[in-house]
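Structural overview for review
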Amino acid sequence: MTVVRNYLLFLRRCLRVAFAGDWRYYAWMGVLTAITLAGLHAYAEQLAGGLATTGMTDQVSWGIYIANFTFLVGVAAAAVMLVIPVYIYRNRHLSDLVVFGELLAVAAILMCLAFVTVDLGRPDRAAYMVPGFGKLNFPGSMLAWDVVVLAGYLLLNAHIIGYLLYCRYQNWTPRRWFYIPFVFVAIVWAISIHTVTAFLFVGLGGRDFWSQAIVGPRFIASAFVAGPALIILALQVIRRVSTYVVPDEALLTLRSIVQVAMLINAFLLINEVFKKFYTDTAHGASAEYLYFGINGHDALVPWIWTAIALNIVALAILVLPVSKSLRYLNTACACAIVGIWIEKGMGLVVPGFVPTPLGEVVEYMPTWNETLISFAIWAFGLLAFTVLLRISIPILQGSINKENERAEIRGSGRSVRTPETRALHVQTEEEK
Amino acid sequence: MSDMHSTPGPREPARPGNDNGMSRRSFLRLSGGATAFAGVAALTAGLAPLRELASFTSLEKFLQKHYKEMTPREMERVLDRIAREVERQYGMRPHVRDLKPMDGVEFVYALNLSRCIGCRRCVHACVAENNQSGDPALEYIRVVKMPQGTFDLTKGEHNYEPESVPEEGYFYMPVQCQQCANPPCVKVCPVRATWQEPDGITVIDYDWCIGCRYCQAACPYFARRFNFKKPVIPKERLNPNMSYLGNRPREVGVVEKCHFCIQRTRAGRYPACLEVCPVGARKFGNVLDPESEISYILREKRVFTFILKEEQGTLPRFFYYLDK
């Protein structure tokens, strides 16, 4: 029983620290909560009015929700790019940062699940996917695979970081057999979640734009650009707003991952574009729509060329030595993230539907309601990521631990002012 | 306090000199309460549109079993529920049945492209027979106007509106569910809400579909339609002869498609699109019966028969043919 009680005490302290912070923390969380609530309202509208409140049609039956889903699965998968150097190459610079990567993975998976849920016409029947109660079409449907691997990945990561953080809190040495095997499974699993997501598209033989063997490798390559790029930016925000020290070496290690992945991604893109345009068969109609438009239908053309420009800028900066300077590296990362978000989101999902299998060209434009829901899911994801960081950082730093548990409980049952909030609070004053 | 920075590494913050914790604490508690109240109020207001969802689902519907797992008694209860719902909404008691496939029957369709004049009467007969939504309009059959001399569908026109049909220099290609023997849509469904029946008809359990639209993405024939809105059927148009897997009114958020008029064909009648066709371009029947008209056509017109997108390996039960 004490085990359970101790764990509940730990959770209670985690919950309390999640609600404590300086005014900037409240402002940030307030803004994110407001956007999330606005999105919840938009989702209520969608539930009441049906998916007619979106820009989707029978012709283009997936839109910005599945686009974001695809991108975010990549982000989640790429979180392991921090794990590999630590556990396989024993790179010490990154060792504590693994937790941040895995927290990002958890937040990204939560966003993925939210994006597929809002895409469902009947979310009230989502439980029909639960084996036993419903009829999960496993292993037949790639969507069933995706549900299984995403849920598994969420559990794996939650276990690994949950265990490591609790050990740190209790000042125990983590038992290697209780997490190292999971770490290695998670590495393979990460590749699998993105491969399965690629197969979701590749498996549709009737859609030439997607049904290409290269989609899987490109998914992985672009994910290993966007994911670590996002982590590079996130780590710098973390070291600015908290007392946590992130060495520059860690950022530069990630830079070399982004660099190599970006080169591979560009190479694969060239392969794809060559195949689609040089052969000049009728199968290239979707690519033609994407890059040049068909008969004046060209909604995606400005987007894809923006993405290409951003990716080229990112690639150019990354291969040059200037990217060792953080300012340039950040520019490259931002360009790459936006570029890949466009190219692999809307640039992948929508052209697959245009023209339709019967040759009809119908364009897709997300509605305001749909866009708001998407923003809200991002806000919700950032909210989750921030809360997870808010809890984990003091634990990693040792300012919340078993020893000061008693002091806090004795002090005041309801106090929001725990030692760890003071650390943040003080830093604000310093900056003033 | 001293144990809070026990691990090396993090930057050491300075100790605070002046602590105004009490006032700050009470302020936080006060504003916390106000924030919580405002939050709950905002949430309630934000979710207000959900009030329109009263009839969206019920525990009875949620716990309803998959079509294939229902006992005959359970099915009876479900059919009764459907009849009650239709009566409430349309003021007419329908005849809802669950017709089973007949032994030794495999349905096949054939369409004579030399005859079709592109009048779209099949499209409208289908809508009327199968209780499709009028607003937004939902149609199972798409007639593509094709320039003569090509089968490249990208050259076709979908929204043609001439004074009269047929037009010189064109032929017409009606496309609907091809009832594939190897259906990609069935394979991808994550919850097995769609499957192929023994008589060759691919059906959907509208009460089981979760509305992910993966089947729409998988279909190479643009045969599946999604209810983006709550379907609206004019009362005077409602067809009361209904079946569970066929033309009973659908709900918002589920996929539907051509089912060879299952409520007619399993009772020995022809599909509505066939009956209405003014030029007799449409043929339908049991391919397992060598004496049937459809068997005769597939045998005799062999050279001039083709299936759509043969390279997809979907093995349609829908054939197109040309007169000699």
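Definitions and limits used
- Residues numbered from 1 in each chain as written.
- Chains lettered and ligands numbered in written order.
- Predicted model: local features only at pLDDT ≥ 70, side-chain atom pairs only at ≥ 80, totals over all residues.
- Heavy atoms only, no water.
- Helix = DSSP H or I, 4+ residues; strand = E, 2+ residues; numbered from the N terminus.
- Buried < 20%, exposed > 50% of the residue type's maximum accessible area, 1.4 Å probe, protein only.
- Contact = heavy atoms within 4.5 Å.
- Areas by Shrake-Rupley, 256 points an atom, 1.4 Å probe, with all protein chains shown as cover.
- Pairing = 2+ DSSP bridges.
- Axes fitted to C-alpha atoms, helices over the stretch in contact; angles between N-to-C directions.
- 1 Å grid on protein atoms, 1.4 Å probe; cavity = no way out; pocket = protein on both sides within 12 Å on 5 of 7 lines; lining within 4 Å.
- Points joined across faces, edges and corners; volume = space filled by probe spheres on them.
- Salt bridge = Lys/Arg side-chain N within 4 Å of Asp/Glu carboxyl O.
- Core = buried A, V, L, I, M, F, W, Y, C linked by side-chain atoms within 4.5 Å.
- Buried area = accessible area lost by both parts, 1.4 Å probe.
- Expected span 1.5 Å × (residues − 1).
- Polar contact = N/O pair within 3.5 Å; in protein donor to acceptor, adjacent residues only side chain to side chain.
- Phe/Tyr/Trp six-rings, centres within 6.5 Å; stacked < 30°, edge-to-face > 60°.
- Lys NZ or Arg CZ within 6 Å of the ring centre and 35° of its normal.

Our focus in this paragraph is the overall build of chain B. When helices and strands are tallied, chain B shows 9 helices and 12 strands. The proportion of buried residues among the 324 residues of chain B is 51%. Taking the contacts inside chain B whose residues are at least 6 apart along the sequence as the reference set, 66% of them involve residues at least 24 apart. Of the roughly 15400 Å² that chain B leaves accessible, carbon and sulfur atoms contribute 55%.

Attention now moves to the sheet that holds strand E11 (residues 305-306) of chain B. Residue and element names in this part refer to chain B. What the 4 strands build is an open sheet, ordered E10-E2-E12-E11; its pairing is mixed. Each edge of the sheet is formed by a strand with only one pairing partner; in this case those strands are strand E10 (282-286) and E11. Pairing analysis gives 2 bridges linking E11 to strand E12 (residues 318-321), with the strands arranged antiparallel. Following the sheet pairing, threonine 305 is matched in E12 by tyrosine 321. Contacts between helix H9 (residues 293-300) and the sheet are confined to strand E2 (107-112), E10, E11 and E12, with E10 contributing the most and set at about 110° to the helix.

With that settled, consider empty space enclosed by the protein. Residues and elements named next belong to chain A. What the rule picks out here adds up to 14 cavities of 30 Å³ or more. One number sums up the size of the largest cavity: a volume of about 210 Å³. Lining the largest cavity are 17 residues, with Phe209, Arg218, Glu272, Glu343 and Leu348 sitting closest to its centre. Listing elements by their share of the lining of the largest cavity, those giving two or more residues are helix H8 (215-241), helix H9 (248-278), helix H10 (285-291), helix H12 (326-344) and helix H13 (346-349). With 5 residues, the single largest contributor to the lining of the largest cavity is H9.

Residues valine 354 of chain A and proline 355 of chain A are joined by a peptide bond in cis, for which omega reads -10°. Along the polypeptide, proline 355 of chain A turns up in the loop between H13 and helix H14 (368-397). Geometrically, the link from aspartate 135 of chain B to proline 136 of chain B is a cis peptide bond, its omega value of -5° lying close to zero. Considering the arrangement of structural elements, one finds proline 136 of chain B in the loop between helix H4 (121-129) and strand E3 (142-147). At arginine 213 of chain B, a position not held by glycine, the phi torsion is positive, near 70°. As for its placement among the helices and strands, arginine 213 of chain B is situated in the loop between strand E6 (202-204) and helix H6 (214-218). The backbone phi angle of phenylalanine 222 of chain B is positive, close to 50°, even though this residue is not glycine.

Our focus in this paragraph is the pattern of salt bridges. Overall, the coordinates contain 34 salt bridges over all chains when judged by the stated rule. The salt bridge partner of glutamate 85 of chain B is lysine 61 of chain B, with a shortest N-O separation of 3.7 Å. Here lysine 61 of chain B lies in helix H2 (residues 59-62) and glutamate 85 of chain B lies in helix H3 (residues 72-90), a separation of 24 residues in the sequence. Residue lysine 61 of chain B is classed as buried on the basis of its relative accessible area of 11%. Across the pair glutamate 74 of chain B and lysine 65 of chain B runs a salt bridge, and its minimum N-O distance is 3.0 Å. Among the charged side chains, a network of salt bridges with common partners joins Arg122, Asp124 and Arg125 of chain A together with Lys61, Arg81, Glu85, Asp205, Asp207, Arg248 and Glu251 of chain B.

This next bit is on the nonpolar core. The biggest cluster of nonpolar side chains holds 161 residues, and the ones touching the most others in it are Phe100 of chain A together with Tyr214 of chain B. Apart from residues lying up to four places away in sequence, tyrosine 214 of chain B is in contact with Trp62, Ser141, Met142, Leu143, Phe199, Leu200 and Leu204 of chain A together with Val188 of chain B. Residues Tyr90, Ile233, Met242 and Cys277 of chain B belong to the second largest nonpolar core, which totals 57 residues.

What follows is about the pairing of E2 of chain B. The two faces of the sheet receive side chains in turn, since in a regular strand these alternate between them. Residues and elements named next belong to chain B. Extensive coverage of E2 is indicated by the burial of 6 of its 6 residues. Burial of the side chains of E2 extends over both faces: Phe107, Tyr109 and Leu111 are buried on one face and Val108, Ala110 and Asn112 on the other. Bridge count for E2 against E10 is 5 bridges, and the pairing is antiparallel. Across the sheet, residue leucine 111 finds its bridge partner in E10, namely arginine 282. Across 4 bridges, E2 lies against E12 in parallel orientation. The partner of alanine 110 across the bridge, within E12, is phenylalanine 319.

This part takes up the interface of chain A and chain B. Between chain A and chain B, the contact holds 75 residues from the first and 74 residues from the second. Together, the buried faces of chain A and chain B total about 6500 Å²; carbon and sulfur atoms form 59% of this surface. Three residues stand out in chain A for area buried against chain B, namely Tyr128, Lys135 and Leu358 of chain A, and they jointly supply 13% of the buried area on that side. A salt bridge links glutamate 69 of chain B to lysine 135 of chain A, with the nearest nitrogen and oxygen atoms 2.8 Å apart.

Residue and element names in this part refer to chain A. For H14, with 30 residues, the first-to-last C-alpha span of 43 Å sits near the 44 Å given by 1.5 Å per residue. Buried residues dominate H14, accounting for 23 of its 30 residues. One or two positions beyond H14, positive phi appears at glycine 398, with a value near 90°.

Quick look at the side chain of arginine 250 of chain B now. All names here are of chain B. Checked against the element boundaries, arginine 250 lands in the loop between strand E8 (241-243) and strand E9 (255-257). A polar side-chain atom of arginine 250 sits 3.2 Å from the main-chain carbonyl oxygen of asparagine 131. A distance of 2.7 Å separates polar atoms of two side chains, one belonging to arginine 250 and the other to glutamate 256. Ignoring anything within four residues of it in the chain, the contact list for arginine 250 reads Asn130, Asn131, Gln132, Tyr140, Tyr206, Asn227, Pro231 and Glu256.

All right, on to the packing of aromatic side chains then. Tallied over the entire structure, the rule returns 44 aromatic pairs over all chains. Look at phenylalanine 277 of chain A and tyrosine 291 of chain A: their rings are 5.6 Å apart centre to centre, the planes differ by 75°, and that puts the pair in the edge-to-face class. In this pair, phenylalanine 277 of chain A is assigned in helix H9 and tyrosine 291 of chain A in helix H10, connecting sequence segments 14 residues apart. In this structure tyrosine 291 of chain A comes out as buried when scored by relative accessible area, which is 11%. Judged by centre distance (4.8 Å) and plane angle (15°), the rings of tyrosine 109 of chain B and phenylalanine 318 of chain B are stacked. Remark: phenylalanine 318 of chain B occurs in strand E12 and tyrosine 109 of chain B occurs in strand E2; sequence separation between them is 209 residues. Overall, phenylalanine 318 of chain B belongs to the buried group, its relative accessible area being 0%. Aromatic ring contacts, followed pair by pair, group Phe107, Tyr109, Phe151, Phe171, Phe260, Phe284, Phe306, Phe318 and Tyr320 of chain B into a single cluster. The ring centre of tyrosine 25 of chain A lies 5.5 Å from the NZ or CZ of arginine 390 of chain A, which sits over that ring. Its end group placed over the ring of tyrosine 206 of chain B, arginine 250 of chain B keeps NZ or CZ at 5.6 Å from the ring centre.

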